[in-house]
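Listed below are the residues making up each chain.
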Amino acid sequence: MRRTLVMAAAGLVLAAPAAAGQKHDLDADKNGQITRAEFDGHVAAQWADKDKNGDGQLTRDEAGAKDAADWTAADTDGNGTLSQAEFTAKKSAWFTRADTDGNGTLSTAEATAAKAAKPRR
Ligand SMILES: [Ca+2]
Ligand SMILES: [Ca+2]
Ligand SMILES: [Ca+2]
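Residues numbered from 1 in each chain as written. Chains lettered and ligands numbered in written order. Predicted model: local features only at pLDDT ≥ 70, side-chain atom pairs only at ≥ 80, totals over all residues. Heavy atoms only, no water.

**Observations regarding the side chain of T105**
- Looking at the element boundaries, T105 is found in strand β4 (residues 105-107).
- Reaching out from T105, the side chain makes a polar contact with the side chain of Q33 at a distance of 2.8 Å.
- Each residue touching T105, except ones within four places of it in the same chain, is listed here: Q33, I34, T35, F95, D99 and E110. (Helix = DSSP H or I, 4+ residues; strand = E, 2+ residues; numbered from the N terminus. Polar contact = N/O pair within 3.5 Å; in protein donor to acceptor, adjacent residues only side chain to side chain. Contact = heavy atoms within 4.5 Å.)

**Here we look at the coordination of the calcium ion (ligand 1)**
- Only D51 (OD), N53 (OD1), D55 (OD), Q57 (O), E62 (OE) and E62 (OE) from the protein reach the calcium ion (ligand 1) as donors, at distances of 2.2 to 2.8 Å.
- In this structure, the calcium ion (ligand 1) is surrounded by six donor atoms whose angles at the metal cover 48 to 159°, and the resulting shape is irregular.
- All donors of the calcium ion (ligand 1) come from a single chain, and their spacing in sequence reads D-x1-N-x1-D-x1-Q-x4-E.
- Judged by its relative accessible area of 17%, E62 is buried. (Donors = N, O, S within 2.8 Å, 3.2 Å for Na, K, Ca; no water. Tetrahedral: all angles 85-135°; square planar, octahedral: opposite > 155°, others 65-115°. Buried < 20%, exposed > 50% of the residue type's maximum accessible area, 1.4 Å probe, protein only.)

**Quick word on the nonpolar core**
- Ranked by internal contacts, the top residues of the largest apolar core, which has 17 residues, are I34, F39, L58, L82, F87, W94 and L106.
- The set of elements that each furnish at least two residues to this core consists of α2 (36-50), α4 (68-74), α5 (84-98) and α6 (108-116).
- The leading source of residues in this core is α5, at four residues.
- Residues within four places of I34 in sequence aside, it is in contact with L26, D27, F39, F95, T105, L106 and A111. (Core = buried A, V, L, I, M, F, W, Y, C linked by side-chain atoms within 4.5 Å.)

**Some details on the pattern of salt bridges**
- Applying the stated criterion to the full structure yields one salt bridge.
- D70 serves as the salt-bridge partner of K90, at 2.9 Å between the closest nitrogen and oxygen. With K90 in helix α5 and D70 in helix α4, the pair connects residues that are 20 residues apart, well separated along the chain.
- Note on K90: relative accessible area 31%, which makes it partly exposed. (Salt bridge = Lys/Arg side-chain N within 4 Å of Asp/Glu carboxyl O.)

Here it is, written out as structure tokens:
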């Protein structure tokens with residue numbers, strides 16, 4: 001059930017025409033809440049965007065990682081690139097941190113606060 005939702009959300013995001021210059025919107029249905037499914041869809045789209053050569057690994061260049069410590073933390077197997085699993089885990093950790101009331105969705109306020117508070121590592 002949950003899996004179906006996630007897949008559907010990912011499909012929607014991937015199927016949406018990539019409007020030039022427009023960032024992926026986390027709150028896909030604009031209801032003021034970012035669900036896990038919306039977030040997962042966003043992350044999948046981000047991944048597809050970033051892995052330019054489609055080899056299933058992100059180099060630091062592809063990821064555009066500015067923060068070396070952040071990059072190293074995300075590269076959990078330490079092979080110098082991010083697999084999709086590592087990428088997704090990193091994003092998922094962000095979602096969990098951002099969901100300060102722990103209700104499984106991000107309100108606009110939670111998302112804004114999390115974006116403003118850059119991870120300090
Ligand atoms: Ca790649
Ligand atoms: Ca890795
Ligand atoms: Ca929440």
